[in-house]
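# Overview (structure and organization)
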Amino acid sequence: ARSLALAEVALAVAGEDLAVLVKVKEARLVSGPRPWEGSCVELFLAGAGERTEAARAAAPGELRQVFLVPPVSGQPVRVAFQDGDRQAADPSLRVAARLTADGYEVAALLPLAFLRIGARADALLAEVAVTAHRAGGARLRGTLFGAPRPYCSPAGYGTVQVEDR
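This report concerns the structure included in the present document. (Residues numbered from 1 in each chain as written. Predicted model: local features only at pLDDT ≥ 70, side-chain atom pairs only at ≥ 80, totals over all residues. Heavy atoms only, no water.)

### A few points about the packing of aromatic side chains
What counts, and what does not: Stacked, tilted and edge-to-face are the three classes applied to pairs of Phe, Tyr and Trp rings, where Trp contributes its six-membered ring and a pair requires centres within 6.5 Å; stacked means planes under 30 degrees apart, edge-to-face means over 60, and tilted covers the rest. Here a helix means four or more residues in a row that DSSP labels H or I, a strand means two or more in a row labelled E, and each is numbered from the N terminus. Each residue gets one of three labels from its accessible area relative to the maximum for its type: buried under 20%, exposed over 50%, partly exposed in between, using a 1.4 Å probe on protein chains only. Should the NZ of a Lys or the CZ of an Arg lie within 6 Å of a ring centre and within 35 degrees of the ring normal, that charge is described as sitting over the ring.
In this structure the tally under the stated criterion is 2 aromatic pairs. Relative to phenylalanine 114, the ring of phenylalanine 81 has its centre 5.0 Å away and its plane inclined at 80 degrees; by these criteria the two rings are edge-to-face. One end of the pair, phenylalanine 81, is in strand β5 (residues 78–83); the other, phenylalanine 114, is in helix α2 (residues 112–115), with 33 residues separating them in the sequence. Each of the two residues, phenylalanine 81 as well as phenylalanine 114, counts as buried. The side chain of arginine 64 reaches across the aromatic face of phenylalanine 114, ending 4.1 Å from its centre.

### What about the side chain of glutamine 65?
This is how it is decided: Any pair of N or O atoms that falls within 3.5 Å is considered a polar contact. Within protein, one atom must be able to donate a hydrogen and the other to accept it, and sequence-neighbouring residues count only if both atoms are side-chain atoms. Contacts are assigned to residue pairs with any non-hydrogen atoms lying within 4.5 Å of each other.
Note on placement: glutamine 65 falls in strand β4 (residues 64–69). The exposure class assigned to glutamine 65 is buried, which follows from its relative accessible area of 10%. One polar contact links glutamine 65 to glutamate 42, side chain to side chain, over a distance of 2.8 Å. Excluding residues within four positions of it along the chain, glutamine 65 makes contact with Glu42, Leu43, Phe44, Ala80, Phe81, Gln82 and Tyr151.

### With respect to the environment of arginine 134
One can find arginine 134 in the loop between β9 (123–133) and β10 (139–143). Sequence separation between arginine 134 and glutamate 26 is 108 residues; the distance between their C-alpha atoms is 6.4 Å. When near neighbours in sequence (up to four residues on either side) are disregarded, arginine 134 contacts Ala27, Arg28 and Leu140.

### Thoughts on the pattern of salt bridges
Threshold: By definition, a salt bridge exists where a carboxyl oxygen of Asp or Glu is found within 4 Å of a side-chain nitrogen of Lys or Arg.
Under the criterion given, the structure shown has 5 salt bridges. Close ionic contact of glutamate 37 with arginine 34 constitutes a salt bridge, the shortest N to O distance being 2.5 Å. A relative accessible area of 24% places glutamate 37 in the partly exposed class. Between glutamate 42 and arginine 141 there is a salt bridge whose closest N-O contact spans 2.7 Å. With glutamate 42 in strand β3 (residues 40–47) and arginine 141 in strand β10, this pair connects stretches of sequence that are 99 residues apart.

### Observations concerning the pairing of strand β7 (residues 94–100)
Condition: Strand pairing is assigned whenever DSSP detects at least two bridges linking the two strands.
In this structure, β7 lies alongside strand β8 (residues 103–111), joined through 7 bridges in antiparallel fashion. For arginine 94, the partnering residue across the bridge sits in β8 and is leucine 109.

### Here we look at the sheet that holds strand β1 (residues 7–14)
Keep this limit in mind: Helix axes are fitted to C-alpha atoms over the stretch in contact, other axes to C-alpha atoms as well, and angles between N-to-C directions run from 0 to 180 degrees.
Reading across the sheet, the 4 strands line up as β1-β2-β8-β7 and stay open at both edges, with antiparallel pairing between neighbours. In this open sheet, the two edge strands, each paired with only one partner strand, are β1 and β7. Sheet twist, expressed as the average angle between the axes of neighbouring strands with direction ignored, equals 10 degrees. Where strand β2 (residues 17–25) meets β8, 9 bridges bridge the pair, whose relative direction is antiparallel. By the bridge assignment for β8, lysine 25 is matched with glycine 103.

What follows is the structure, encoded as structure tokens:
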């Protein structure tokens, strides 16, 4: 049977990093003025104690949004994070990508300290959003857990359990 999934996502804690592997099905990679307007994987991450708006208000800035952008339009793969109203780079964020027959794979190592997630955390909250394009140019957007506005709040994020360190 043919899969209709837009992407496959794997997350793991690897030492002091969150390891991420995303395999995206995309007919035509597109560059956009902002990462989410082109081909992109967005990671939204927060500590497991931050699910409610009240908890977010008590600990502002704990939500992290990271962009993984595949190599497109002659540009290399890149990783950035949302810093206020701009996307910024950080040398501690490591990323690699490769094109595949039906899209691309992107892998990243993101330091837990950078993500503001404790190295001994038993769980974290996450949402993964993928923006991809059909051959004709139609934009597709999908999320792993269906969070309604993941860039604003962790409400709707999935809980990712950390086991067997």
